[in-house]
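Spelled out from the first residue to the last, the chains are:
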Amino acid sequence: MTTLSSNTPIQDDTEVPNVLSPWALMWRKFKRHKIAFLSLWLVGLIYLMALIGPFLAPGDAADTNRRAIFQPPQGIHFFAEDAEGNSRFQLHAKQMKMQIDRSTMRRTYVADETDIIPLGFFVRGSEYEVLGTFKADVHLFGPKDPDDRVYFFGADRLGRDMMSRIIIGTKVSMSIGLVGVAVSLVVGVALGGISGFYGGWVDNLIQRLIEFLRSIPTIPLWMGLAAAIPLGWPPLRTYFVVTLIVSMIGWTSLAREVRGKFLAMRDEDFIIAARLDGLTDWEVIRKHMVPNFSSHIIASLTLAVPLMILAETSLSFLGIGLQPPIISWGTLLKEAQNIRSIVEAPWLLIGPGAMIVAAVLTLNFLGDGLRDAADPNAH
Amino acid sequence: MLIDPKTDLTKPLVEIRNLKTEFFTEDGVVTAVDGVDLDVMANRTMVVLGQSGSGKSIMARSILRIVDKPGKITQGSITYNHADGRSIDLAAMRAGAPEVREIRGKDISMIFQEPMSSLGPITKIGQQIVETILLHRKVTKVEAKEEAINLLDRVGIPRPAERFEAYPFELSGGMRQRAMIAMALSCEPRLLIADEPSTALDVTTQAQILDLIAELKEERQMGVMLITHDMGVAAEVAEDIVVMYHGKIVEKNDVFSIFDAPKHPYTRALLASVPKLGGQRVHRLPDISQLLKNPDNPPAPIPAKPRPPAGEPIIKVRNVNVEFPVGGGVFSKPTGTIQAVKDVSFDVYRGETFGIVGESGSGKSTLSRAIMGIRPPTSGQIEFLRKDKPVSEISSAGKAEMRDVWRDMRMVFQDPQSSLNPKLRVIDLVGQCIEKAEALGRKDLSERVSKLLTQVGLSPEFLLRHPNAFSGGQRQRLGVARALATRPELVIADEAVSALDVPIQAQVLNLLQDLQEEFALTYIFISHDLAVVDHICDRVAVMYKGEMVELLTRDELAAGPKHPYTKSLLSAVPIPDPHQRDRKRVS
Amino acid sequence: MLSFIYRRLLYMVPTVFLVSIVTFAIIQLPPGDYLDTLAAELNDSGGLDAGTMQSLRDQYGLGQPMYVQYFKWMKGILLHGNFGISFEKNLPVNDLIWDRLGWTFGISLMTLAFIWMTALPIGIYSAVRKYSVGDYIATFFGFIGLAIPNFLLALVMMYVAFKYFGQSVGGLVSPEYLDQPWDLEKIGNLMSRIWMPIVVVGTSGAAALIRIMRANLLDELYRPYVVTARAKGMSEFKLLMKYPVRVALNPFISTIGWILPTLVSGEIIVAVVMNLPTTGPLLLRALLVQDMYLAGSLIFIVSILTVLGTLLSDVLLAWIDPRIRYQ
């Protein structure tokens, strides 16, 4: 064998890896996940819609109109003829006239080419409260004349504007996810944390409870619980009870996750090291454990929100969750319960359905991206 | 069937030319193997020696074309010469090509570091061997099973017919590695590649596995390529040695030349920084960065200073037992206990370095955790005698007293990665205990931590960094800084250098010694590595199956231990000197 | 193995007991009882006098304290297999439920089979061909599948079937077969319709399982034992099936435990939409009119059967994975 005498350059062994903080690294990783990043914006927009719904809605969600029963969606047109017959730019919709076929008793709507409804931005319309503090009547987009009605997404069986209803319903549907997740978070983290940190019989008891809850099919359980809500309850109370029922699913998986993290972390060297530094149990949890699994928890919470939205929707759809006059995507879909009404007015299904799918889809993408970013070993 | 004697043993089995293997990651291209030329001969044992990240393992995997994505061979050739004279360039083939698969497992087979994770977890051991046989040889299933049982017998697995039906998790680490070897040998390969085959095993098991490989190599006249970071292992088994560094081969030669007259500065530095068992005690281990800067004039080793005479006891351990409950289901009581530490008593004197050595499962870590009060003993007393403070009885101290004890008794952990919270900055990691001990403003704290960083050889600029921005050695320095932050009297180092590469290990050992002088520290130093313990400790306690079998001074250890277990342990430690390889092993 | 099954069966006892209590508590939750509902309905048409109310109440045992009612109900079930009577239909619960329960579980099991048959190959494909076009498509459809509530999917499919194929959906067989005895033709008709609820109920489960299988397999694909198998000279497909897929299957099998309750749940809600002769519509109606023994029995039996299904999945898992068996 020969001796290699080449002067291989010798480098110093002190590699200096990334100097970014763990949170910055996570953020960078998250941003690389294009769909998740886009979803973050979309979810933000949907929640913004929930916040300023009445401003975005073109009309009053509760306003009925006997001349617009099951009216199909109206399109937006850009150019209209003015009095002199010149075409000029004017956003408008065409008024629709109801015609009833006497023999079949079916309604049909025909657009009236001459009768136009001028549309505009920042128009005055129905009055609403802004964040429960002051009243306003400005709407982002709608008919210029407050007495006109337009139905971009069609109207329901009472002639109410679907678009306004869908936008207003965002608040209830999306917030039920958030409130439910908040409840799950408190219960799940508390029970999961106790279970994982102390172990022993407490752990056993909580684990059995979770196993028990998970082995019961949720829908019959919810149906039983939800059916117990008296119809006469005020909407707000119903809302909170439904939220509680819905969050019963969320906390078990969260508690399991938190427990798993606690168990895995309890014997980690850096936790023992923190105890040796003289920190109390509570300080160890707060300063060392929580920051290390908070990113996972955030991701799991994000993934739990759509589950709750779906749960609320299902219950309300069956007629045992939220009840009208509360407007949520679930109660809107209840209108589209049988095939006959869907065939007559498919927009009853398409509008709220699309919103649910969009909300759940973006939340799932977001949660998935967060989870990937939080997990250093993710594929 | 042995290799046909007519086969030309002088023709290389594998000729590697200008091999380059690169990894295409998101952060750029990493060249793992960088222009390697190598001939692998039949009937020779070639050791590829290198530290982590040297590319030795990737080089070996490139031969079989089993480099995981995103790794790719980008240049060079790997020629395999079949026994019948055919040659094939493996580097030019598709990784999964039939021509390559035909060679894998049949002509060239491989064993890996961690037999537990390298064997299919839910497939029976015997099945995994039979499968290999059926893949390459035209035999019936019954014949294959018979052959597999014979192989299990050959590699020294007792009751082979019974073990044929065992799952990997039912075997011990050593047995698993034997099963792995049986599988690798099942088609009579011409070359066996062993990737750190003994690293995950205890010293005595390691010796057995290395002996087995050597024996089988003689018996079958096969080539062996053994990859290791351990210079002791290399000196014990190698005929030829290849030293790799940063993807390149820096030196290759026969084993005696490498150890007696290393040519390349890196090889020299590497050999110099290994602590050697026995021999003259040196004050400090040579620092690789010094050696590399000045390769031609290595500093002469400084003999160790005489140690200060032992002071008063600082720790008194009396009849300590530690038991763990085992078994037991959800509602049922534990079925029994494991006695991890059995009736151990000793004193540690102020100012000394007290070593505890033992193999995995010997109870040394459990003992150290009992002394720290992390898991108090089931019975027995542990007294901690501090200066100017009343004696603390660890086994019965309350939470508040323990917090006070933990200021004066600190710990350095084995794994610098897992013992530093990744979400905290250095100032909090190191300064947290100071903050708890004394009320300090943020500014004072940062001054204190900066000073500590300087003391452990890190720049004070690192104050606001997170642990992920440090290399392994730097992280362990942080661990040391944290241990020293409250100016303790006693530091327990639990395998504190075991996870580090040899040159870094030397640096951290030196640091510990310097700090001991500076701060008048007492160390309890726990390690499985007898050479490291011998280098740094004044007295050594040997643990075996929970018992302390022997307590020796360093001179007594050098003179020869009395207890048979210590003797066998001592003889099993691979010595980085090929001239000593024929010494007798005691088992 | 036997002791394992025995132990698990023993665990079931407290669970079943708890289920029965929870069920009973739930159906007792609404204020008032069936007679109040009845009276409210009858009030519109004339009403019931207090005397009749009282005698009916005595007859049904509704005036007794809750725990007495519970023990009576449980005693009937345990000793005679008698689940009580349905107030509304005035028939024993036993006569009403078993057919429907059979359909519910039949559809749930068929859905399980459907989910496995789709999720397994697609999951494996998307893990092995990670970031390929196929993987992206599978992932995208997976997300969509998770995002559509199954009743919405049912409505959409019914709409499409009605609008474009002129098929009246709803029910498991076409109306003309309803009262006919079971023959080949009727079974054929059943088969031509039953796929729809199965696909509807199974979509979200399949989507979830594809993701689980993909993640499981990705966890295993880069393990050292895969490298070992490769180094033995096995072909990629063979080693994939023999090692990582087998290991990844374990957590996959354990999903039966939770997927069965969700399938049953999904089936119930889809049944309401599609008007299937299963437990869903019956349960909904019973809950709305407070027909408590009927509702309670349905929830109770469905829960018990789900617990049994979970047990079955545990046993299956222990049978396949030796590591669990030996714990």
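See the structure shown above.
Residues numbered from 1 in each chain as written. Chains lettered and ligands numbered in written order. Predicted model: local features only at pLDDT ≥ 70, side-chain atom pairs only at ≥ 80, totals over all residues. Heavy atoms only, no water.

## Thoughts on the overall build of chain A
Argument step 1. Along chain A, the regular secondary structure elements total 12 helices and four strands.
Argument step 2. A compact globule built from 379 residues should have a C-alpha radius of gyration of about 21 Å, whereas chain A, at 28 Å, is more than 25% larger.
Argument step 3. For chain A, the spread of C-alpha atoms along the principal axes amounts to about 95 × 65 × 50 Å.
Argument step 4. A total of 379 residues make up chain A; the buried ones form 50% of that total. (Helix = DSSP H or I, 4+ residues; strand = E, 2+ residues; numbered from the N terminus. Rg over C-alpha atoms; globule rule 2.2 N^0.38 Å. Buried < 20%, exposed > 50% of the residue type's maximum accessible area, 1.4 Å probe, protein only.)

## Here we look at the pairing of strand 6 (residues 108-111) of chain B
Regular strands have side chains that alternate between both faces of the sheet.
Residue and element names in this part refer to chain B.
Argument step 1. Burial along strand 6 is two-sided: the face carrying Ile108 and Met110 and the face carrying Ser109 and Ile111 are both buried.
Argument step 2. Pairing of strand 6 with strand 7 (residues 191-195) involves four bridges; the strand directions are parallel. Residue methionine 110 lies in a different strand from strand 7, and its bridge partner there is isoleucine 193. (Pairing = 2+ DSSP bridges.)

## A few points about helix 13 (residues 279-288) of chain C
All names here are of chain C.
Argument step 1. For helix 13, a buried count of seven out of 10 residues is recorded, marking the element as mostly surrounded by other parts of the structure.
Argument step 2. If you check which residues of helix 13 are buried, you get Thr279, Gly280, Leu282, Leu283, Leu284, Ala286 and Leu287.
Argument step 3. Residue glutamine 290 follows helix 13 closely and has a positive phi angle near 60°.

## Here we look at a nonpolar patch on the surface
Argument step 1. Side chains of A:Leu38, A:Leu42, A:Leu45, A:Leu48, A:Leu51, A:Ile52 and A:Leu131 sit close together on the surface and give an oily, nonpolar patch of about 670 Å² of accessible area.
Argument step 2. Here A:Leu45 lies in helix 2 (residues 34-51). (Patch = residues over 30% accessible without salt bridge, like charges linked within 9 Å, V, L, I, M, F, W, Y side chains within 5 Å. Areas by Shrake-Rupley, 256 points an atom, 1.4 Å probe, with all protein chains shown as cover. Salt bridge = Lys/Arg side-chain N within 4 Å of Asp/Glu carboxyl O.)

## Considering the interface of chain A and chain C
Argument step 1. Contact residues are listed per partner, giving 38 residues for chain A and 44 residues for chain C.
Argument step 2. The interface formed by chain A and chain C holds one salt bridge in total.
Argument step 3. One can count one residue pair in polar contact (both at pLDDT 80 or more) joining chain A with chain C.
Argument step 4. Class assignment of the residues belonging to the side of chain A that touches chain C gives a composition of 27 nonpolar, nine polar and two charged. (Contact = heavy atoms within 4.5 Å. Polar contact = N/O pair within 3.5 Å; in protein donor to acceptor, adjacent residues only side chain to side chain. Nonpolar A, V, L, I, M, F, W, Y, C, P; charged D, E, K, R; others polar.)

## Here we look at helix 9 (residues 224-231) of chain C
Residues and elements named next belong to chain C.
Argument step 1. For helix 9, the buried fraction is high: seven of the eight residues fall into the buried class.
Argument step 2. Within the span of helix 9, buried status applies to Tyr225, Val226, Val227, Thr228, Ala229, Arg230 and Ala231.
Argument step 3. Positive backbone phi, at 100°, marks glycine 233, one or two positions downstream of helix 9.

## Regarding the side chain of A:Ser195
Residues and elements named next belong to chain A.
Argument step 1. Tracing the backbone shows serine 195 in helix 4 (residues 162-198).
Argument step 2. Judged by relative accessible area, which is 0%, serine 195 ranks as buried.
Argument step 3. A polar contact of 2.4 Å, which involves the side chain of serine 195, links it to the side chain of aspartate 203.
Argument step 4. Ignoring sequence-local partners within four residues, the contact set of serine 195 consists of Asp203, Ile206, Gln207 and Arg259.

## Some words on the sheet that holds strand 4 (residues 71-81) of chain B
Residue and element names in this part refer to chain B.
Argument step 1. Overall, antiparallel pairing links the four strands, which are arranged 2-1-4-5 in an open sheet. Every interior strand has two partners, whereas the edge strands, strand 2 (28-40) and strand 5 (87-89), have only one. For this sheet the average axis-to-axis angle between neighbouring strands, irrespective of direction, equals 10°.
Argument step 2. Sheet analysis places strand 1 (residues 14-25) next to strand 2, joined by 10 bridges and oriented antiparallel. Paired with lysine 20 across the two strands is aspartate 34, which belongs to strand 2.
Argument step 3. Contacting strand 1, strand 2 and strand 4, helix 1 (residues 56-64) crosses the sheet at an angle of about 110° to strand 1. (Axes fitted to C-alpha atoms, helices over the stretch in contact; angles between N-to-C directions.)

## Brief notes about the environment of B:Met46
Argument step 1. Here B:Met46 lies in strand 3 (residues 45-49).
Argument step 2. The spatial distance from the C-alpha of B:Met46 to the C-alpha of B:Asp240 is 4.7 Å, given a sequence separation of 194 residues.

## So, the packing of helix 12 (residues 347-374) of chain A against helix 6 (residues 133-147) of chain C
Argument step 1. The contact between helix 12 of chain A and helix 6 of chain C brings their axes to 8 Å, and the two run at 125°. As far as their axial angle goes, helix 6 of chain C and helix 12 of chain A are oblique. Pair helix 12 of chain A / helix 6 of chain C crosses with right-handed handedness. Taken together, the residues of helix 6 of chain C that come into contact with helix 12 of chain A (itself represented by A:Ile356, A:Val357, A:Val360, A:Leu361, A:Asn364, A:Phe365 and A:Asp368) are C:Phe140, C:Phe143, C:Ile144, C:Leu146 and C:Ala147.
Argument step 2. Per-class residue counts for the contact of helix 12 of chain A with helix 6 of chain C are 10 nonpolar, one polar and one charged. (Parallel < 35°, antiparallel > 145°, perpendicular 65-115°, else oblique. Left-handed = near helix turned anticlockwise from the far one by under 90°.)

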